[in-house]
Amino acid sequence: MGESATAARTIASILVSNALHDPATGYPWAVSVARQLGRSGVLLTYEGQGHGSVTNGPCMEHTVDGYLTALTVPPRGTRCPAVPS
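First things first, this report covers the structure right here in the doc. Source: prediction; values computed, not measured. (Residues numbered from 1 in each chain as written. Predicted model: local features only at pLDDT ≥ 70, side-chain atom pairs only at ≥ 80, totals over all residues. Heavy atoms only, no water.)

What to know about the nonpolar core
Test applied: Nonpolar core, defined: a set of buried Ala, Val, Leu, Ile, Met, Phe, Trp, Tyr and Cys residues in which side-chain atoms within 4.5 Å join the residues together. Relative accessibility thresholds used throughout: buried, under 20% of the residue-type maximum; exposed, over 50%; partly exposed, between the two (1.4 Å probe, protein chains only). Helical segments are the DSSP runs of H or I of at least four residues, strand segments are the runs of E of at least two, and each set is numbered from the N terminus. We call two residues contacting when some pair of their heavy atoms lies within 4.5 Å.
The biggest cluster of nonpolar side chains holds nine residues, and these are Leu15, Ala19, Val42, Leu44, Tyr46, Met60, Val64, Tyr67 and Cys80. Contributions of two or more residues to this core are made by β1 (14-21), β2 (41-49) and α2 (57-70). With near-sequence residues (within four places) excluded, Leu44 lies in contact with Leu15, Val16, Ser17, Asn18, Met60, Thr63, Val64, Thr78 and Cys80. Membership of the second largest hydrophobic core comes to seven residues, among which are Tyr27, Val33, Leu37 and Leu43.

This is the structure we're talking about:
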């Protein structure tokens, strides 16, 4: 199965979040998805490791919560620091 363009027609931005060191969904995948979404896609980067980084520290939690509750999208290029485990 080859890579195909992601079709997204929406007035709202789509938040894609991923850890730099995610063993299940590699970071290049997230970059590709956000790019394929065009202007609709915004990538939020967690600078740590693990899969499911949405709850890794206040930066990730507040950013994702803001998107889910009020559709507040972070600026493109937003990165959240790794949280010591």
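Once you've had a look at it, read on.
Here's the deal with the side chain of Ser53
Its location among the elements puts Ser53 in the loop between β2 and α2. For Ser53, a relative accessible area of 4% corresponds to the buried category.

Notes on the sheet that holds β1
The line we're drawing: For two strands to be treated as a pair, DSSP must find no fewer than two bridges joining them. Each axis is a line fitted through C-alpha atoms, and for a helix only the stretch in contact is used; angles between axes span 0 to 180 degrees, taken between their N-to-C directions.
Strand order in the open sheet formed by three strands is β1-β2-β3, with parallel pairing between adjacent strands. Edge positions in the open sheet fall to β1 and β3 (79-80), since each of these has one partner strand only. Sheet topology note: the β2/β3 ladder contains two bridges and is parallel. Residue pairing across strands places Tyr46 opposite Cys80, the latter belonging to β3. Sheet strands touched by helix α1 (residues 27-36): β1, β2 and β3. Its angle to β1, the strand with the most contacts, is close to 160°.

With respect to the side chain of Thr45
Inclusion rule: In protein, a polar contact requires one atom able to donate a hydrogen and another able to accept it; more generally it is a pair of N or O atoms within 3.5 Å, and residues adjacent in sequence count only if both atoms are side-chain atoms.
As for its position among the elements, Thr45 is in strand β2. There is a polar contact of 2.7 Å between the side chain of Thr45 and the side chain of Tyr27. With residues near it in sequence (within four places) discarded, Thr45 still touches Asn18, Leu20, Tyr27, Thr78, Arg79 and Cys80.

What about the state of the cysteines?
For the record, the criterion: Any two cysteine sulfur atoms lying within 2.5 Å of each other are counted as a disulfide.
All chains considered together, the criterion is met by one disulfide. Two residues, Cys59 and Cys80, share a disulfide whose sulfurs are 2.0 Å apart. Disulfide Cys59 to Cys80: torsion about the S-S bond roughly -65°, handedness left-handed. Within this pair, whereas Cys59 is found in helix α2, its partner Cys80 is found in strand β3, the two being separated by 21 residues in sequence. Taking the relative accessible area as the measure of exposure, Cys59 reaches 28% and is therefore partly exposed.

Considerations on the pairing of β1
So the rule is basically this: Orient the strands so they point away from the viewer; a crossover is then right-handed if the path from the first strand over the helix to the second runs clockwise.
Direction of pairing for β1 relative to β2: parallel, over a ladder of seven bridges. Bridge pairing in β2 links Ile14 to Gly41. As a crossover connection, the stretch from β1 through α1 into β2 is right-handed.

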